[in-house]
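Each chain, letter by letter, is given below.
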Amino acid sequence: MPLYVDDSVVLHHAKLLQWPNSIMGWIQGRFVGLASFSLSQPFSFNLLSIHFFTITFHLANAVLIFYFVKSFFNIEIQVNSHRSLNSVTQPVPLKFQNAQAAIVSFIWLCHPMNSQAVVYISQRYTVVAMFFTLLTIIFFIRLLKDKELIKKVQWAVLCLFNFILALGSKQSVIFLPLFLYLISLYVLVQYRGRLILVGGGALALAVLYLYLNPALVSTLDELTRETITYSRLDYLATQLKVTLTYFGLMFYPEGFRLESDVSLLKFFSDEFYRYLTIHIAIVSLLVVYAMRFKQPLILLTLALLYLGLAVESSFIPIQDLYFEHRMYLPSLAIIFIVVNILSTVIKALRLPDSSCILFNGLLIVVLSYTTSIRVKQWQEPLSFYQRELEKSPESTRAMSSYGKELAKNGNKDKALELIIKSYNLELEQGILRQSNIVGLLTILIDAGYYQDALNLGRRAINYTEKRPKLQSIVYAHLALVYYKMNICGFTKGWSKKALKLDKSNELAKQLIRLCQ
């Protein structure tokens, strides 16, 4: 499988991996996720070995989902032991627990929605983060279940350890403590009042502390946004629409894409209210279903769905408005809910168990076939990006990605046209993407348009003052232009500037060696 978008950048960082100097370096640098690529180091980071280990993690996640679902069923049994007779729910009979857990696991494993996280090398972070997230939840449920103090301490340590590893894989799992708190509220019936007081008190103290420390609020604001191109509220409005698109793909797996030309929605616009209403309707219907059929686990699963999307699809502005790999964990919640509802319907209709097995078996076959088609599309980058641009003609990254593939195949004039168009459109939006600037400079240099490359590089320097690593890359490419022009004095000068900003810039180091 070829490299896509920022795959080469991620692999470069993985090869130069160093132990972080701080906790924030551990989290922001996604150290654990990057470290997982070290499994391929004995194989010289061969792409086949990289994909092999990603698929291995994906299979391991499917196994963990089986135990996760069984743990959820055990929660219900434990809660019933503390309820009065008239409030006891109807837990799934033991003989059906394994079957439902296996069905959820297999559907999740085979669903094409999850193919992007597995095939797209850069999203190893997502796959590894889910592995440790599932372990954290499973160990936490065991912590609540066991009564012996020694075992409780054992599960608590394992839970904390895996949460740290999950957080070091991808920041989006920061929602986990809140989800574990909700599980505690549900399971520990006899302590529910105290837990609510503790949670409410902690929230009040946190708000008070932030109120008294405005500098911290400013720091948190910077840490919790990837871009200032759009506001938090506009990003939230847009994600209300995007998440419904994700939900639709779960039920009708057609029209998957890597790039998207999703347009930004305004908060308080008519579209915002429309999509908000749909979300409220979905939540309301599931709450009614859970209460009517005494299925409270649906409420916990619903919380997992929206909390799993909370970091990347709510108030934290991220440059890319749309990415299907963000559903890698939340898709589990949707599948669990759907399987639960189907089981209730089959039970109400008194259909034989064999009909349920047959239906789910056919569903898994269809999903597997759809996934195989999607994976095959990733194997040919030129045709892949051509389809992406056809699906999303206004997507600037689809333009630049297709342009780079055209350049690799010798069509440099068309490539230049597409990448320049993408570059200019993004500058109008206040965006400067590394892949665009590097791709454009590379094509100009390869085509011998040295003066154009110099002009572009000098313009880019003005836009990269607050991004030292990207500015270092621009300096190195300016040095490359002068090297191609046989002017080693300028080559060394620009290379040294690049290394001052980023000591790991390999292109700058190589150019200095060539000019010795």
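Here's what I pulled together on the structure shown here. What you are looking at is a predicted structure, and each value in this text was computed from that prediction instead of being measured. Starting from 1, residues in each chain are numbered consecutively following that chain's sequence as written. The predicted origin of the model limits local features to residues at a pLDDT of at least 70 and limits the giving and counting of side-chain atom pairs to 80 or more, whereas totals for whole chains, interfaces and linings rest on all residues. In computing side-chain properties, one takes all heavy atoms of the structure into account and sets aside hydrogens as well as water.

## With respect to helix α23 (residues 488-501)
Our working rule: A helix here means a DSSP run of H or I that spans at least four residues, while a strand means a run of E at least two residues long, and both kinds are numbered starting from the N terminus. What a helix is expected to span follows from its residue count: subtract one and scale by 1.5 Å. We call a residue buried when its accessible area falls under 20% of the maximum for its residue type, exposed when it is over 50%, and partly exposed in between, using a 1.4 Å probe and counting protein chains only. Think of the arc as the fan of directions from the helix axis to the C-beta atoms.
When the terminal C-alpha atoms of α23 are compared, their 20 Å separation across 14 residues agrees well with the 20 Å that a helix rising 1.5 Å per residue should span. Listing the buried residues of α23 in full gives Thr-491, Trp-494, Ser-495, Ala-498 and Leu-499. Here the buried residues of α23 occupy an arc of 140° about the axis, which is enough to place them on one side. α23 presents Gly-489, Lys-496 and Lys-500 as exposed residues on the side facing more than 90 degrees away from its buried surface.

## What about unusual backbone geometry?
Positioned with a positive phi, Arg-30 is a non-glycine residue whose angle comes to about 50°. Although it is not a glycine, Phe-45 sits at a positive phi angle of roughly 55°. Relative to the elements of secondary structure, Phe-45 occurs in the loop between α3 (31-35) and α4 (47-80). Using a relative accessible area of 14% as the deciding quantity, one classes Phe-45 as buried.

## Some thoughts on the packing of aromatic side chains
Inclusion rule: Geometry of aromatic contacts follows a simple scheme: Phe, Tyr and Trp rings, the Trp one being its six-membered ring, pair when their centres are within 6.5 Å, and the pair is stacked under 30 degrees between planes, edge-to-face over 60, tilted otherwise. Two limits define a charge over a ring: the Lys NZ or Arg CZ must be within 6 Å of the ring centre, and within 35 degrees of the ring normal.
With the rule as written, the count across this model stands at 28 aromatic pairs. Taking 5.9 Å as the distance between ring centres and 85° as the angle between the ring planes, the aromatic pair formed by Phe-72 and Phe-336 counts as edge-to-face. One end of the pair, Phe-72, is in helix α4; the other, Phe-336, is in helix α15 (residues 330-348), with 264 residues separating them in the sequence. No difference in accessibility class separates Phe-72 from Phe-336, as the two residues are buried. Positioned above the aromatic ring of Phe-37 is the side chain of Arg-124, whose terminal nitrogen or guanidinium carbon lies 4.5 Å from the ring centre. Taking NZ or CZ as reference, Arg-292 lies 5.0 Å from the ring centre of Phe-293, over its face.

## Observations regarding the state of the cysteines
What counts, and what does not: Count a disulfide wherever a pair of cysteine sulfur atoms falls within 2.5 Å.
Applying the stated criterion across every chain, the model contains one disulfide. Disulfide partner of Cys-488: Cys-515, at an S-S distance of 2.4 Å. With the S-S bond torsion at -80°, the cross-link from Cys-488 to Cys-515 turns out left-handed. Residue Cys-488 is located in helix α23, and its partner Cys-515 is located in the segment after α24 (506-514); the two are separated by 27 residues in the primary sequence. On the basis of relative accessible area, Cys-488 is assigned to the partly exposed category, the value being 30%. Given a relative accessible area of 8%, Cys-515 falls into the buried group.

## Here's the deal with helix α21 (residues 450-463)
Condition: Residue contacts follow a heavy-atom distance rule, with two residues in contact if any of their heavy atoms lie within 4.5 Å.
The end-to-end C-alpha separation of α21 is 20 Å, in line with the 20 Å expected for 14 residues at 1.5 Å each. The complete set of buried residues in α21 reads Ala-453, Leu-454, Leu-456, Gly-457, Ala-460 and Ile-461. Summarising the axial view, the buried residues of α21 lie within an arc of 165°, below the 170-degree limit, and thus occupy one face. As for α21, its buried residues are in contact with α19 (412-428), α20 (434-446), α22 (468-484) and α23.

## Quick look at the pattern of salt bridges
Filter applied, for reference: Each reported salt bridge corresponds to a side-chain nitrogen of Lys or Arg within 4 Å of a carboxyl oxygen of Asp or Glu.
Per the stated rule, a full pass over the model turns up eight salt bridges. Put simply, Glu-388 and Arg-374 hold a salt bridge, and the shortest N to O gap is 3.9 Å. Of this pair, Glu-388 sits in helix α17 (residues 381-391) while Arg-374 sits in helix α16 (residues 353-377), placing them 14 residues apart in sequence. With a relative accessible area of 1%, Glu-388 lands in the buried category. A salt bridge links Lys-509 to Glu-506, with the nearest nitrogen and oxygen atoms 3.7 Å apart. Remark: Glu-506 and Lys-509 occur in helix α24; sequence separation between them is three residues, near one turn of the helix.

## Points about the environment of Phe-267
Its location among the elements puts Phe-267 in the loop between α12 (232-251) and α13 (270-292). Along the sequence, Phe-267 and Glu-465 sit 198 residues apart, while their C-alpha atoms lie 31 Å from each other.

## Regarding the nonpolar core
Spelled out, the test is: Only buried Ala, Val, Leu, Ile, Met, Phe, Trp, Tyr and Cys residues count toward a nonpolar core, and they belong to the same one when joined by side-chain atoms within 4.5 Å.
Phe-68, Phe-72, Ile-183 and Leu-332 are the most contacted members of the largest nonpolar core, which totals 90 residues. Broken down by element, the residue count for this core peaks at 15 residues, all from helix α7 (residues 124-145). Not counting the four nearest positions on each side in its chain, Ile-183 is found in contact with Ile-75, Ile-137, Phe-140, Leu-144 and Leu-300. Among the nonpolar cores identified, the runner-up in size contains 47 residues, and Ala-415, Leu-432, Ala-476 and Leu-478 belong to it.

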